[in-house]
Amino acid sequence: MLSIVRTFVITSLCLSAVACSSFEFPGIYRMKIDQGNIITQQMADELKPGMTRRQVRFVLGTPLVEDTFNPNRWDYINRSRSPEGVETQKRFSVYFNGDILIATSGDWQPSNWPQ
């Protein structure tokens, strides 16, 4: 008899755990989650050829990735997840020659750079 009760309790606990995990409560607020560096077009437009690393760091912030094998490239990566669960990733890279900014690439392009 004790074995049947124990089996019933374990089964009911397992079923209720599965049922709760698939149920979504209506009206639950889910927020947008941003990770990494947040870069805007306005920030990219502030960059000018010939800026120093310090000036670039002031405008864009500290890069998420400083490549160990290529110290002349900084990568700014932003990943965001919408409340619906859709993930997007954007990248922006700046390139230096020594201490001088020479180029950019990625999802934003400075509008005041020569083409």
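Residues numbered from 1 in each chain as written. Predicted model: local features only at pLDDT ≥ 70, side-chain atom pairs only at ≥ 80, totals over all residues. Heavy atoms only, no water.

(A) Inspection of the side chain of Ser93 at higher detail. Within the secondary structure layout, Ser93 lies in strand β4 (residues 87–97). Among the polar contacts listed, one links the side chain of Ser93 to the side chain of Asp75, at a separation of 2.5 Å. The residues touching Ser93, leaving out its near neighbours within four places in the chain, are Arg73, Trp74, Asp75, Ala103, Thr104 and Ser105. (Helix = DSSP H or I, 4+ residues; strand = E, 2+ residues; numbered from the N terminus. Polar contact = N/O pair within 3.5 Å; in protein donor to acceptor, adjacent residues only side chain to side chain. Contact = heavy atoms within 4.5 Å.)

(B) Inspection of the packing of aromatic side chains at higher detail. Evaluated as defined, the whole model comprises two aromatic pairs. Seen from their ring centres, Trp74 and Phe96 are 4.8 Å apart, and the 65° between their planes marks the pair as edge-to-face. You can see Trp74 sitting in strand β3 (residues 73–81) and its partner Phe96 sitting in strand β4, a full 22 residues away along the chain. Take Trp74: its relative accessible area is 1%, and that puts it in the buried class. Judged by relative accessible area, which is 3%, Phe96 ranks as buried. Note on Phe92 and Trp108: the rings are 6.3 Å apart at their centroids and 75° apart in plane angle, and the pair reads as edge-to-face. Taken together, the positions of Phe92 in strand β4 and Trp108 in the segment after β5 (100–106) put the pair 16 residues apart, joining distant regions of the chain. Each of the two residues, Phe92 as well as Trp108, counts as buried. Its guanidinium or amino end placed over the ring of Phe96, Arg53 lies 4.5 Å from that ring's centre, counting from NZ or CZ. (Phe/Tyr/Trp six-rings, centres within 6.5 Å; stacked < 30°, edge-to-face > 60°. Buried < 20%, exposed > 50% of the residue type's maximum accessible area, 1.4 Å probe, protein only. Lys NZ or Arg CZ within 6 Å of the ring centre and 35° of its normal.)

(C) View of the pairing of β5. With six bridges joining them, β4 and β5 adopt antiparallel strand pairing. Bridging across to β5, Asn97 finds its partner in Ile100. Here β4 hands over to β5 after two residues, with Gly98 in that stretch at a positive phi of 75°. (Pairing = 2+ DSSP bridges.)

(D) Molecular detail of the nonpolar core. Judged by nonpolar contacts, the single largest core of 16 residues is most densely connected at Leu47, Val56, Leu60, Tyr76, Phe92, Val94 and Leu101. If you list the elements that add at least two residues to this core, you get α2 (41–45), α3 (53–60), β3 and β4. (Core = buried A, V, L, I, M, F, W, Y, C linked by side-chain atoms within 4.5 Å.)

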